[in-house]
Amino acid sequence: MSCVPDGSIVYAIGDVHGRADLLDSLLALIEDDAEQASASRRLVVFLGDYIDRGAHSREVLDRLVAGPAPGFEWKTLRGNHEDFLLRFLQGQAVGPTWLINGGLETLGSYLGETPEMPATLGETEALRLALEAALPPEHKAFLEGLAVSHQEGDYFFAHAGVRPGIPLERQNPADLMWIRGDFLESKADFGKVVVHGHTIVPRPETRTNRIGIDTGAYASGRLTALALEGERQRFLQT
């Protein structure tokens, strides 16, 4: 059986996507749950996609930048939507794709009003400059400092998954943030159980080699956390 280190309880949180209300509710559930555990170390791993789609991306990042409650550690990972935003800020040609996939809602969160989809490159550049001006420095530093993976005991955490056949220590960051089909369909032993989000499922999906916990919070109202203690696996949900 897979396990986390002795004395630790680990919570992994799936894709938040701008639902600050659900994040606050789930963190409260985690704090209450941890009070019942005997573990001396309490770790929360966030699997990425904090922004886009939901209406309150700025508030989600405010909460994450503020850091954990006393007695907790946090590990925050980068999802493909954070990757989208950072590439957009760099001027790369991902603007239209990002904006139509939730970026407009993130702009609304920072600018106070959700803009229309831009019709020209000039309008897209104007939105990029507006976001650059509105994004607090601590938010940008937080986004740029996000890791792409984390390991605890027999578990490997990444936003999207891993590339089958590649050792975990040699995974491409793009795969860790973006992969779907090849990973989801694989029955391979990845060396550790991969805990991931990125692909929406109606309920947490447990396989021998992976556990998926993106339950589509922005639309479903269900934000999910996987709790790991010793060999135990269980779920908390809003």
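Residues numbered from 1 in each chain as written. Predicted model: local features only at pLDDT ≥ 70, side-chain atom pairs only at ≥ 80, totals over all residues. Heavy atoms only, no water.

Some points on the packing of aromatic side chains
If you walk through the whole model with that rule in mind, you get six aromatic pairs. Taking 6.4 Å as the distance between ring centres and 70 degrees as the angle between the ring planes, the aromatic pair formed by F46 and Y50 counts as edge-to-face. In this pair, the class of F46 matches that of Y50, namely buried. Through a chain of ring-to-ring contacts, three or more aromatic side chains come together here, namely F46, Y50, W74 and F142. (Phe/Tyr/Trp six-rings, centres within 6.5 Å; stacked < 30°, edge-to-face > 60°. Buried < 20%, exposed > 50% of the residue type's maximum accessible area, 1.4 Å probe, protein only.)

A word on the sheet that holds strand β6 (residues 193-196)
Read across the sheet, five strands follow the order β4-β5-β6-β8-β7 without closing on themselves; strand pairing throughout is mixed. Edge positions in the open sheet fall to β4 (150-152) and β7 (205-206), since each of these has one partner strand only. (Pairing = 2+ DSSP bridges. Helix = DSSP H or I, 4+ residues; strand = E, 2+ residues; numbered from the N terminus.)

Things to note about helix α3 (residues 80-89)
Within α3, nine of the ten residues are buried, which leaves the element mostly enclosed by the surrounding structure. For α3, the set of buried residues is N80, H81, E82, D83, F84, L85, L86, F88 and L89. Just downstream of α3, G91 is the residue with a positive phi angle, here 90 degrees.

A look at the pairing of strand β3 (residues 73-76)
Here β3 shows a clear split, with W74 and T76 buried on one side and none of E73 and K75 buried on the other. Here strand β2 (residues 41-46) pairs with β3 via four bridges, running parallel. Its bridge partner lying in β3, V45 is registered against K75. Handedness of the β2-helix α2 (residues 57-66)-β3 crossover: right-handed. (Right-handed = clockwise from strand over helix to strand, strands pointing away.)

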